[in-house]
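# Summary of structural features
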Amino acid sequence: MLAFVIKRCIQSVVVLFVMSLIVFSMINLVGDPVDMLVNPESLPEEIDRVRRDFGLDQSVQVQYWKFLTGAVSGDLGNSFIFGRPALALIAERFPATLELATCALILAVSVGLPLGIYAGLNPDGWGARIVMGGSVLGISIPTFWLGLMMIIIFSVLLGWLPVSGRGETENFLGIESSIFTVDGLRHLVLPAINLALFKISMVIRLTRAGVEEVMALDFIKFARARGLSSPRIIRSHLLPNIFIPIVTVLAIEFGTLIAFATVTESVFAWPGVGKLVIDAIVNLDRPIVVAYLLFVVTLFLVLNLIVDIIYAAIDPRVRLQGDR
Amino acid sequence: MQTIPIRMRTNRKTRSAMREKFSQPSTVVSGVLLFLVTICATFAPLIAPTNPYDLSVVSIMDGRLAPGEKMFDGTVAWLGTDGAGRDVLSAILFGLRTSLIVAVCSAVIALFIGLLVGLTAAFFGGRIDSFLMRIVDIQLSFPAILVALVLLALLGKGIDKVIIALIIVQWAIYARTVRATAIVERRKEYIEAATCLRLSSFRIIWKHLLPNSISPLIVLATLQTAHSISIEATLSFLGVGVPITEPSLGSLISNGFDYILSGAYWITLFPGIMLFATVAAINIFGDRLRVLLNPRLSK
């Protein structure tokens, strides 16, 4: 186990390094951030001064070396536009994204799991057909368009919920979140449902497949033969067996939710990291793009490592590489 | 003797189950829809009432007409017009064309690269295999939308760049699937026989391994096409994909985003329905295809 973790950590550092190298060298080929920063009518000396101030007059190699030495000590550079450390900006915006992704995940599990189990247990019923048909539509519907339609229906036509933003937040037990205020909740409902819908459909499909697979196995037949009641079979024989794959998938899906939040945040103007990075891409704010990328890559590497470890811990049949 | 009738019966049963699965209304509807979408996209310039990108025809006087109103030159705008006076129906047809071209081009090229990598990995095994699959694993541990977003941040806007990004996003999935099938085929006798005949590696891969490893890819390629239409639309909506001057379903919806608060719902609604219907039709059709090509059912 330890050998596996060490090996994976070394691999992660290599991936991070290669990523930073590729991203840093390629991002310097797109556009000129100075154009976005200074008034086009300013004097050439002024433009040169800005270029020097941001270190953009130096070669890419020199810039990369500066970035790398800074990165080792935890400094990923200052945003061109905000003039503040990029990492601090991301850390500031991340709780909003985390909140959105967590709510969406909770929704996905609490709606998707029961529906999936129901569809798996009654595969030929009308209810199951509706659930499965709905899940295909849920996977096919483009998230951003659904968000727009939700705004048109619930905010513009009916006027029930606010159009955009995060609303009031309140500090409870050290967590600053909008789920503790009514206004915050009203702002959260639409984005959370919007982000969750795709995952709900995915959880339904995964759960149903799992239920159908397990229900066909021998130990379920033996449990039936022993005369156990259906609820008992479901509770103590079916559920523990379908949970392992679902839990591991969900851990990875949490990462995808954070990535997908970029789309939902742009539609609902939710002040999270996703919106920050989209604005940064459009405005050529390179340090934020690079910092966000390294941040997300680290997040995914850590999540994947945790998943692999949990997987090996739950399922004794899995052997980790390097453990042989 | 007794086993023969039993076998025949199960055979007939699975076959009729298959026929039933394929004649389900959802299969027929999705198939017809898919056919219509392809026709509309291919012949967009012939079918569309106006050319929304011909500046000599488009007039700002027609801006934001509601569905069914008459445009300045007398043509009826069945689905309304957008802020610049372009007919939404025509714009959708042209947009669908761009979206499908992007999705199909990227799918075909990614499939080709995936085949090459997957077959190479499966055939040579050893170090080459573990090196290639490590790259695939690392790439697939990140969500497609994120990889595409980052690539476009690095490459800039444009149809060609979206295609490149979608190829890079997709090749790994194909490579992994091809390798999984090919590695099973690799151990079979006919490959051994071909190796004994001292056929070249290229010939064995091309003539023997490839034809036997391709069927799981058909379903995957169908579903991936739906996925890449979605990704392209999302990227264009976020403003990093196809630029607004080139019509794609995503950029049309993004264009309508500015008008939703003023009540001009049709500029976003109709392109979105088209996008949704196309993706759903491909997904449902792919799902049915999976059932049909499933070896457990076609035995």
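Residues numbered from 1 in each chain as written. Chains lettered and ligands numbered in written order. Predicted model: local features only at pLDDT ≥ 70, side-chain atom pairs only at ≥ 80, totals over all residues. Heavy atoms only, no water.

With that settled, consider the overall build of chain B. Broken down by element type, chain B carries 13 helices and zero strands. Counting from the amino terminus, helix and strand elements in chain B follow one another as α-α-α-α-α-α-α-α-α-α-α-α-α. For chain B, the proportion of contacts with a sequence separation of at least 24, taken over those separated by at least 6, is 70%. (Helix = DSSP H or I, 4+ residues; strand = E, 2+ residues; numbered from the N terminus. Contact = heavy atoms within 4.5 Å.)

Each partner contributes residues to the interface: chain A has 39 residues there, and chain B has 35 residues. Carbon and sulfur atoms supply 82% of the area buried between chain A and chain B, which totals about 3,400 Å² over both sides. Contact with chain B buries area across many residues of chain A, yet S140(A), F144(A) and W145(A) alone supply 18% of it, more than any other trio. Counting the contacts that link chain A with chain B gives one salt bridge. Among the salt bridges present, the one from D287(B) reaches R205(A), with a minimum N-O distance of 3.0 Å. Elements supplying a minimum of two residues to the side of chain A that touches chain B: α1 (2-27), α6 (126-140), α7 (143-157), α10 (230-268), α11 (273-282) and α12 (286-314) of chain A. A class-by-class count of the residues in the side of chain A that touches chain B yields 31 nonpolar, seven polar and one charged. (Buried area = accessible area lost by both parts, 1.4 Å probe. Salt bridge = Lys/Arg side-chain N within 4 Å of Asp/Glu carboxyl O. Nonpolar A, V, L, I, M, F, W, Y, C, P; charged D, E, K, R; others polar.)

Another aspect to go through is the domain arrangement of chain A. Residue and element names in this part refer to chain A. Splitting chain A by domain gives domain 1 (2-72) and domain 2 (89-314). Look at where the C-alpha atoms of domain 1 and domain 2 centre, and you get two points 33 Å apart. Contact with domain 1, which involves 20 residues of that partner, is made by 15 residues of domain 2. Both faces combined, the contact of domain 1 with domain 2 buries some 1,500 Å², and carbon together with sulfur accounts for 78% of it. Counting across the domain 1 and domain 2 interface gives zero residue pairs in polar contact (both at pLDDT 80 or more). If you list the elements that add at least two residues to the side of domain 1 that touches domain 2, you get α1 and α2 (33-37). Here the side of domain 1 that touches domain 2 takes twelve residues from α1, the largest share from any one element. Partitioned by chemical class, the residues of the side of domain 1 that touches domain 2 number 14 nonpolar, four polar and two charged. (Domains from an automatic or database assignment. Polar contact = N/O pair within 3.5 Å; in protein donor to acceptor, adjacent residues only side chain to side chain.)

This part takes up the packing of α1(A) against helix α4 (residues 60-72) of chain A. Residues and elements named next belong to chain A. At their nearest, the axes of α1 and α4 sit 11 Å apart, and the two run at 140 degrees to each other. Between α1 and α4, the angle falls in the class oblique. As for the relative orientation of α1 and α4, their crossing is right-handed in sense. Counting all contacts with α1, which are made through F17, S20, L21, F24 and S25, the residues of α4 involved are V60, Q63, Y64, F67 and L68. Residues of the contact of α1 with α4, tallied by class, amount to seven nonpolar, three polar and no charged. (Axes fitted to C-alpha atoms, helices over the stretch in contact; angles between N-to-C directions. Parallel < 35°, antiparallel > 145°, perpendicular 65-115°, else oblique. Left-handed = near helix turned anticlockwise from the far one by under 90°.)

Once that is clear, we can look at the layout of surface pockets. Any empty space left between the atoms is revealed when a probe the size of a water molecule rolls over them. The space that makes up the second largest pocket amounts to roughly 570 Å³. Put simply, the parts of the chain that give the lining of the second largest pocket at least two residues each are α1 and α12 of chain A together with α5 (126-140), α6 (144-155) and α7 (159-186) of chain B. Considering each element in turn, the lining of the second largest pocket owes the most residues, eight residues, to α1(A). Residues that form the lining of the second largest pocket fall into these classes: 19 nonpolar, two polar and no charged. (1 Å grid on protein atoms, 1.4 Å probe; cavity = no way out; pocket = protein on both sides within 12 Å on 5 of 7 lines; lining within 4 Å. Points joined across faces, edges and corners; volume = space filled by probe spheres on them.)

If you look at the biggest cluster of nonpolar residues, it comprises 160 residues, and the most contacted ones within it are F144(A), I242(A), L119(B) and L275(B). Sequence-distant contacts of F144(A), that is, excluding residues within four places in its chain, are made with V263(A), V267(A), A233(B), T234(B), F237(B), I253(B) and L275(B). (Core = buried A, V, L, I, M, F, W, Y, C linked by side-chain atoms within 4.5 Å. Buried < 20%, exposed > 50% of the residue type's maximum accessible area, 1.4 Å probe, protein only.)

Let's shift gears to the packing of aromatic side chains. Any aromatic ring pair is given by two values, namely how distant the centres are and how the planes are angled relative to each other. One pass over the full model with this rule turns up seven aromatic pairs over all chains. Pairing F94(A) with F295(A) gives two aromatic rings, centres 5.0 Å apart and planes at 80 degrees, and the pair type is edge-to-face. Residue F94(A) is located in helix α5 (residues 86-121), and its partner F295(A) is located in helix α12; the two are separated by 201 residues in the primary sequence. Measuring from centroid to centroid gives 5.1 Å for F123(B) and F124(B), while their planes differ by 90 degrees, and the two rings are edge-to-face. Classification of F124(B) as partly exposed rests on a relative accessible area of 44%. The ring of W126(A) carries the charged tip of R129(A) above its face, separated from the ring centre by 5.5 Å. When the ring centre of F123(B) is taken as reference, the NZ or CZ atom of R186(B) above it lies at 4.7 Å. (Phe/Tyr/Trp six-rings, centres within 6.5 Å; stacked < 30°, edge-to-face > 60°. Lys NZ or Arg CZ within 6 Å of the ring centre and 35° of its normal.)

A few words on the confidence of the model for chain A. For chain A, the average pLDDT comes to 80, and 89% of its residues sit at 70 or higher. Looking across chain A, the model is least confident in strand β1 (residues 170-172) of chain A, with a mean pLDDT of 63, and most confident in α5(A), with 87. (pLDDT = per-residue confidence, 0-100.)

As a further point, take the state of the cysteines. Residue and element names in this part refer to chain B. Overall, the coordinates contain zero disulfides over all chains when judged by the stated rule. Left without a disulfide partner, C40 is nearest to the cysteine sulfur of C105, which lies 19 Å away. Among the residues examined, C40 registers a relative accessible area of 22% and is labelled partly exposed. Of the residues examined, C105 reaches a relative accessible area of 33% and is grouped as partly exposed. (Disulfide = S-S within 2.5 Å.)

Looking now at the confidence of the model for chain B. Taken residue by residue, chain B gives an average pLDDT of 79. The fraction at 70 or more is 80%. The ipTM for the predicted assembly is 0.77, set against a pTM of 0.80.

In this fold, S135(A) is placed in helix α6. In contact with S135(A), other than residues within four places in its own chain, are S201(A), I204(A) and R205(A).

What follows is about the side chain of S106(B). All names here are of chain B. Tracing the sequence through the fold places S106 in helix α4 (residues 88-124). For S106, a relative accessible area of 0% puts it in the buried group. For S106, the residues in contact, after removing those within four places along its chain, are I163, L166, I167, Q170 and S228.

This paragraph deals with unusual backbone geometry. Even without being a glycine, A269(A) presents a positive backbone phi close to 50 degrees. As for its placement among the helices and strands, A269(A) is situated in the loop between α10 and α11. With relative accessibility at 31%, the residue A269(A) sits in the partly exposed group. Positive phi is not limited to glycine here, since R198(B) has a value of about 60 degrees. As for its position among the elements, R198(B) is in the loop between α8 (189-196) and α9 (201-213).

Okay, the pattern of salt bridges next. Residue and element names in this part refer to chain A. Per the counting criterion, the structure on display carries eight salt bridges over all chains. Among the salt bridges present, the one from E253 reaches K199, with a minimum N-O distance of 2.4 Å. Within this pair, whereas E253 is found in helix α10, its partner K199 is found in helix α8 (residues 182-215), the two being separated by 54 residues in sequence. One exposure class covers both E253 and K199, and it is buried.

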